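Each chain, letter by letter, is given below.
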Amino acid sequence: MPETQIAAQLYTLRDFLKTPEDIAKTLPRVAALGYRAVQLSALGPIDTKELKQLVEDAGLTVCATHVGFDRLRDDLDGVVEEHQTLGCPYVAIGSMPNQYRTAEGYPQFAREASEVARKMKERGLQFGYHNHSFELERFDGRTGLEILYSDSDPEVFNAEIDTYWIQHGGGDPAAWIRQVKGRIPVIHFKDMAVSGGKPVMAEVGEGNLNWPAILEACREAGVRWYVVEQDVCQRDPFESLGISFKNLQGMGVS
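These figures come from a predicted structure and were not determined experimentally.

Visitor: What am I meant to see in the nonpolar core here?
Guide: In a soluble, globular protein the nonpolar side chains are often hidden away together inside. Judged by nonpolar contacts, the single largest core of 78 residues is most densely connected at Phe109, Tyr129, Ile161 and Phe189. It is helix 5 (residues 105–122) that provides the largest number of residues to this core, a total of seven residues. Residues in contact with Phe109, not counting those within four places in the same chain, are Phe69, Ile93, Met96, Pro97, Tyr100, Ser114, Tyr129, Leu148 and Phe157. In this structure, Ala7, Tyr90, Val186 and Trp225 belong to the second largest nonpolar core, which totals eight residues.

Now the structure itself:
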């Protein structure tokens, strides 16, 4: 397996993943685009063993998942069992619960999440935090995201930087990637374009992000999985995932 690999975030295709039948139809279409791995998010109800079989039948692997923080805290046994079945060690939360989004809440969450992450590490799982742009609000001179990374345990609290949302919040994606060197096994790639004077999500390479700088920072930081995600597509989402894949290949990403 190469040092880095491209994966598809299935949240992009959430409208096509509502039932086991939908999932069985969608996974082969993802593989046909060239992807060999997926991150699980926003799937409808399905038995984990059945899901594992469908993933394997499509020639895919599960590189990462998104799980709610409450479930990681309150049902870790269930999460561990599911991920052992899937053969997947990377588990990230998609966002920080609303009650922590204050000056006092950020350091509190960093501590509490670190406690959960330590328990996860003991069970063979790695915790990751996926950012949006709200974490770039400043509190006494520090952004919320800085607080999360500085006040958490770097041995267990990993980053899942989202390039679009960092740019959306006024940050430099490459600089943020370098800040979490050694603790960012998974990254989310999406581009930012402008339409009607407003920022919009775009396929990787079709917007205005500095991809040479981002990719160089990823190499320096030791990123393992480049996960393509596009919450909102301006065209068919399968087509969007295909464009991003081909553009990343054109940039030299395996």
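Visitor: Is there a simple way to think about the environment of Phe157 in this case?
Guide: By the element assignment, Phe157 lies in strand 8 (residues 157–160). Exposure remark for Phe157: the relative accessible area of 0% places this residue in the buried category. Along the chain, Phe157 and Tyr106 lie 51 residues apart, while their C-alpha atoms are 14 Å from each other. When neighbours within four sequence positions are excluded, Phe157 is seen to be in contact with Phe109, Ala110, Ala113, Ser114, Phe127, Tyr129, Leu148, Tyr149, Ser152 and Arg183.

Visitor: Just checking my understanding: could you explain the pattern of salt bridges for this structure?
Guide: Between side chains of opposite charge, a pair can form as their charged atoms come close. One pass over the structure, following the stated rule, counts 16 salt bridges. A salt bridge links Arg138 to Glu146; the shortest N-O distance between them is 3.9 Å. Across the pair Lys190 and Asp162 runs a salt bridge, and its minimum N-O distance is 2.5 Å. With Lys190 in the loop between strand 9 (186–189) and strand 10 (191–195) and Asp162 in the loop between strand 8 and helix 7 (163–168), this pair connects stretches of sequence that are 28 residues apart. Residue classification places Asp162 among the buried positions, given a relative accessible area of 0%. Here the residues in one salt-bridge network are Asp162, Lys190, Glu229 and Asp231, joined through shared partners.

Visitor: What's the story with the state of the cysteines in this structure? I'm lost.
Guide: Note on terminology: a disulfide is the covalent bond linking the sulfur atoms of two cysteines. For the structure shown, the criterion picks out zero disulfides. Cysteine Cys63 remains unbridged, with the sulfur of Cys88 as its closest cysteine sulfur at 6.7 Å. Accessibility expressed as a relative area gives 3% for Cys88, which makes it buried.

Criteria and cut-off values
- Residues numbered from 1 in each chain as written.
- Predicted model: local features only at pLDDT ≥ 70, side-chain atom pairs only at ≥ 80, totals over all residues.
- Heavy atoms only, no water.
- Core = buried A, V, L, I, M, F, W, Y, C linked by side-chain atoms within 4.5 Å.
- Buried < 20%, exposed > 50% of the residue type's maximum accessible area, 1.4 Å probe, protein only.
- Helix = DSSP H or I, 4+ residues; strand = E, 2+ residues; numbered from the N terminus.
- Contact = heavy atoms within 4.5 Å.
- Salt bridge = Lys/Arg side-chain N within 4 Å of Asp/Glu carboxyl O.
- Disulfide = S-S within 2.5 Å.

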